[in-house]
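What follows is the residue order along each chain.
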Amino acid sequence: MKKKMFGAVAVSAALALGCAAPAFAEPTSYDQAYTDGALKYGVDDKYQQIDKADVAKDADGDGQRDGVAIIDDQQDGNSQTPVYIQTNIAQINVAVPTKLVFVAESVGGDMMVPSAGVYSIQNYTTKAAIYITDIEAEYADEEENWVLVDDAALVGEGVEAAAAKRANLMVGMASDQDLNGKSVDFTIMPDAGNLIEASTTDTDPLKIDKSIENGGNVLPGKLDFTFDARSSVVKDAQSANGQEIQAFNILFTIGTSSGR
């Protein structure tokens, strides 16, 4: 199964700090202050020699030494140092099932689906809970052998599909309650965007608790999903008998932030 997993927790922060130093009436530009390879600045008419190679140049041409704020001593004023935060993407350890099998009857109707508790997403990350912020569906190929629908009249025993090369499918997907007591329940449709937002129960991201260690064993946080599915009459059922033909993919976006 195709899956998307993203970590978005800030695990390190870097402060970009400059040095604020008072400047005197002369010089007002560091470039102007270079004389014979040395920087001169006045302190009671005495000069301190600093090697030119050790002094940051004015690369941006703003008249100030790069990384340094100059305060004009002829007037009151304030200087500031911007602080920047850099975010590193943390590695998360999440298990998503790589295969999901439904069984359709050739005459259509109810399909066999995994039992409750079989299909789950498990969080083995020990430092943080995770969120499922997006669930989407896409066809496995361009043939559209199986066509996902959200109209119950297009599936059922004896119902024939007009456009599907194999059959119409109507598939519902629901979750148990997450760490915040929320759950989702929706019909899987391709190209519908984030299916969580189409849920009939809640539209917030789903939260799965972090794993815990118990006697040397790691017990992952877990969220179970259940399915219900119906199909129309399966065309050319003889050639498809006993074969597993991929119909669609379910894609999850998973991270350490709810995005809200």
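Residues numbered from 1 in each chain as written. Predicted model: local features only at pLDDT ≥ 70, side-chain atom pairs only at ≥ 80, totals over all residues. Heavy atoms only, no water.

1. Structural notes on the overall build of the protein chain
For the protein chain, the helix and strand inventory stands at two helices and 19 strands. For the protein chain, with 260 residues in total, the buried portion stands at 35%. Accessible area for the protein chain stands at about 15,700 Å²; split by element, carbon and sulfur atoms hold 45% of it. (Helix = DSSP H or I, 4+ residues; strand = E, 2+ residues; numbered from the N terminus. Buried < 20%, exposed > 50% of the residue type's maximum accessible area, 1.4 Å probe, protein only. Areas by Shrake-Rupley, 256 points an atom, 1.4 Å probe, with all protein chains shown as cover.)

2. Thoughts on the pairing of strand 19 (residues 248-255)
For strand 19, the buried fraction is high: eight of the eight residues fall into the buried class. Where burial is concerned, the two faces of strand 19 agree: the one with F248, I250, F252 and I254 and the one with N249, L251, T253 and G255 are both buried. For strand 11 (residues 130-139) and strand 19, the ladder comprises eight bridges, and the chain directions are antiparallel. Paired with E136 across the bridge in strand 19 is L251. (Pairing = 2+ DSSP bridges.)

3. Examining the nonpolar core
Core analysis: the largest hydrophobic core is formed by 41 residues, its most contacted members being I132, I188, F225 and F252. Among the secondary structure elements, those contributing two or more residues to this core are strand 10 (119-123), strand 11, strand 12 (146-148), strand 13 (167-175), strand 15 (206-208), strand 18 (221-231) and strand 19. The greatest single-element share of this core, amounting to five residues, is contributed by strand 11. Discounting residues that sit within four places of it in the chain, I188 has contacts with A137, L148, V171, M173, L195, F227, F248 and I250. (Core = buried A, V, L, I, M, F, W, Y, C linked by side-chain atoms within 4.5 Å. Contact = heavy atoms within 4.5 Å.)

4. Some thoughts on the environment of Q86
Its place among the elements puts Q86 in the loop between strand 7 (68-72) and strand 8 (94-95). Its relative accessible area of 47% is what places Q86 among the partly exposed residues. A polar side-chain atom of Q86 sits 3.3 Å from a polar atom in the side chain of N88. (Polar contact = N/O pair within 3.5 Å; in protein donor to acceptor, adjacent residues only side chain to side chain.)

5. Digging into the confidence of the model for the protein chain
The share of residues in the protein chain with pLDDT of 70 or more is 69%, and the mean pLDDT across the chain is 78. With pLDDT under 50 throughout, residues 1-25 is counted as low confidence; its partners more than four residues away or in other chains account for 73 contacts. Between residues 27-31, whose pLDDT stays under 50, and residues either more than four places distant or in other chains, the model counts 13 contacts. (pLDDT = per-residue confidence, 0-100.)

6. Description of the pattern of salt bridges
Across all of its chains, the model carries five salt bridges by this definition. Residue K182 is joined to D202 by a salt bridge in which the shortest nitrogen-to-oxygen separation is 3.5 Å. With K182 in the loop between strand 13 and strand 14 (185-187) and D202 in the loop between strand 14 and strand 15, this residue pair connects regions lying 20 residues apart in the sequence. Note that D224 and K222 form a salt bridge whose closest N and O atoms lie 3.8 Å from each other. (Salt bridge = Lys/Arg side-chain N within 4 Å of Asp/Glu carboxyl O.)

7. Brief notes about unusual backbone geometry
A positive phi angle, near 60 degrees, is found at D191, a position not held by glycine. When you line up the elements, D191 lands in the loop between strand 14 and strand 15. Positive phi values are uncommon outside glycine, yet D236 reaches one of about 50 degrees. Examined against the element boundaries, D236 turns out to sit in the loop between strand 18 and helix 2 (237-240).

8. Considering the packing of aromatic side chains
Considering all chains together, one arrives at four aromatic pairs under this definition. Measuring from ring centre to ring centre gives 5.3 Å for Y119 and F227, while their planes differ by 85 degrees; the resulting arrangement is edge-to-face. One end of the pair, Y119, is in strand 10; the other, F227, is in strand 18, and 108 residues separate them in sequence. (Phe/Tyr/Trp six-rings, centres within 6.5 Å; stacked < 30°, edge-to-face > 60°.)

9. Focus on the environment of F252
You can see F252 is positioned in strand 19. The class of F252 is buried, set by a relative accessible area of 0%. Along the primary structure F252 and I121 are separated by 131 residues, whereas in three dimensions their C-alpha atoms are 9.9 Å apart.

10. Considering the environment of G181
Within the element layout of this structure, G181 appears in the loop between strand 13 and strand 14. G181 sits in the partly exposed class, given a relative accessible area of 38%.

11. Quick notes on the side chain of S175
With respect to the secondary-structure elements, S175 resides in strand 13. Taking the relative accessible area as the measure of exposure, S175 reaches 10% and is therefore buried. Once residues lying within four places of it in the same chain are set aside, the contact partners of S175 are S183, V184, L206, L223, D224 and F225.

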